[in-house]
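Coordinate analysis (summary)
Take a look at the letters that make up each chain.
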Amino acid sequence: MLKKNQHVIDHIRRYRFTFWLVIFTGLLNNIVSFLLPVSIGEFFTIFFHTGSTKGKLLSWMGIDLTTVTQFFLFFCVLIILKAIFTFAENYGTFRQGELFVKQIREAVFSTQMWWSAASSLDRSYGKYLLRYSNDLKSVQNYLTKGYIDGIRSSLFLITGLLVMLKINWELTLLLSFLLILVVVLVYRLAQWQTRFIVDSRSTRSSLLAYVARRFSGFLKLKARQGEQDAIDSFYEKSGILFQANMKYNISESVLISIVPVLIFTIIGTLLWRMIFLPGSITASEGLMLVLILLMMEGGIRRVLKVPTYLNKGKISLQKISKLYDEPNPGHQRIQPIKLNVGI
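Residues take numbers from 1 onward in each chain, read along the sequence in its written order. A pLDDT threshold of at least 70 governs which residues receive local features in this predicted model, and a stricter bar of 80 or more applies before side-chain atom pairs are shown or counted, although totals over entire chains, interfaces and linings include all residues. To get the side-chain values, take all heavy atoms of the structure and skip hydrogens and water.

In the annotation of an unreviewed UniProt entry, the protein is listed under the name ABC transporter ATP-binding protein and assigned to Candidatus Opimibacter skivensis. UniProt positions are given in the numbering used here, feature names are shortened, and annotations may be inferred rather than shown by experiment. Recorded in UniProt for the protein, the comment headed Subcellular location (unreviewed entry) runs: "Cell membrane".

Structural data, given as structure tokens:
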């Protein structure tokens with residue numbers, strides 16, 4: 001059986017330059033998103049001569065704006081860069097995902113076409129249809145939202161932590177420890193969700209296979225007047241699918257609801273810890289830490305969702321990889337297709 005990660009490894013090797021270019025573009029986009037709200041504080045410092053916390057943070061990052069004209073030039077450049085990086089990031093990520101799925105989709109179909117009649121035609125083909133829809137969508141998210149988004153969001157968080165380290169090293173170390181703890185917890189929850197995902201997909205595949213069998217033998221069904229039996233059986237299978245989907249939705253809702261709770265629990269823990277550090281951190285620095293955390297909230301949320309995307313993608317890749325081990329007498333097993341597509 002092909003290793004579930006082998007597809008990703010082969011894809012990254014084939015598109016090494018564009019893969020890492022997409023991640024680097026995403027990192028630049030996150031930095032610009034970080035600078036936009038921070039730069040607004042500099043306007044109040046320049047125009048109203050106030051001591052803005054965000055303005056101080058911008059100065060700490062080596063950016064010194066002294067006039068309103070400089071501010072607006074800098075602000076306009078950030079807006080233009082935001083538009084360019086957002087487009088490039090989304091287009092590049094989408095293209096990487098589509099190339100990844102295209103490779104697997106074509107390899108799977110080629111493999112199935114070389115199956116022997118004895119090994120495949122005597123079984124229902126309906127259950128394999130999901131390999132071209134739901135499974136491939138999970139596989140696409142496995143690369144784009146699991147690997148690409150996970151790497152660039154992690155780099156963004158590291159950048160934010162380095163900035164916070166300059167403000168207060170002790171609170172930053174505490175935050176790093178809490179983030180690692182939370183990621184481990186979410187990973188364990190994603191593992192717990194595995195059985196619900198498998199049950200839901202298996203039941204859906206069974207229902208699709210049943211529908212395919214009924215319609216492929218529709219004339220025989222009409223001849224023996226088995227319409228009502230077919231309907232009753234379908235209702236039963238549909239009810240089982242409903243129950244399986246509800247169990248999966250409960251586990252999914254738990255993961256979705258726990259992410260914002262964990263994020264603000266981290267912020268609350270930092271605020272609580274500040275009480276026991278009197279004199280070691282000023283109010284301005286404390287507020288700055290919270291502002292940075294709030295700006296990092298989107299990145300934290302994306303990182304915490306990575307285990308779920310990886311888990312779902314692994315399940316789909318495991319099912320797809322099994323197709324390569326189907327009996328194929330007289331022919332060599334089909335290997336993943338190499339695409340003739342430019343970078």
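**Some details on the environment of Ser 33**
Secondary structure is summarised from DSSP: a helix means a run of H or I of at least four residues, a strand means a run of E of at least two, and numbering begins at the N terminus for each. Within the fold, Ser 33 resides in helix 2 (residues 16-47). Ser 33 sits in the partly exposed class, given a relative accessible area of 28%. It is 9.9 Å that separates the C-alpha atoms of Ser 33 and Thr 86, two residues lying 53 residues apart in sequence. Of the polar contacts made by the side chain of Ser 33, one reaches the side chain of Lys 82; its length is 2.4 Å. Three exposure classes are used, based on accessible area relative to the maximum for each residue type with a 1.4 Å probe and protein chains only: buried under 20%, partly exposed in between, and exposed over 50%. Pairs of N or O atoms are called polar contacts if they sit within 3.5 Å, as long as, within protein, a hydrogen donor faces a hydrogen acceptor (for residues adjacent in sequence, only side-chain-to-side-chain pairs).

**Observations concerning the UniProt feature "transmembrane region" (unreviewed entry) in the protein**
Taking the numbering used here, the UniProt-annotated feature "transmembrane region" (unreviewed entry) corresponds to residues 21-48, 68-88, 146-165, 171-190, 254-275 and 287-304. Secondary structure content for residues 146-165 is 100% helix and 0% strand, and the end C-alpha separation is 27 Å.

**Some details on the packing of aromatic side chains**
Here the aromatic set is Phe, Tyr and Trp, taking the six-membered ring for Trp, and pairing holds for ring centres within 6.5 Å; pairs whose planes are under 30 degrees apart are stacked, those over 60 apart are edge-to-face, and all others are tilted. Across all of its chains, the model carries 6 aromatic pairs by this definition. Taking 6.0 Å as the distance between ring centres and 5° as the angle between the ring planes, the aromatic pair formed by Phe 87 and Tyr 91 counts as stacked. Placement of both Phe 87 and Tyr 91 in helix 4 (residues 68-113) is noted, with a separation of 4 residues, approximately one turn of the helix. For Phe 87, a relative accessible area of 59% gives the class exposed. Between Trp 192 and Phe 196 the ring centres are 5.3 Å apart and the planes differ by 70°, which places this aromatic pair in the edge-to-face class. Taken together, the residues Trp 192 and Phe 196, both in helix 7 (residues 169-216) and 4 residues apart, mark about one turn of the helix.

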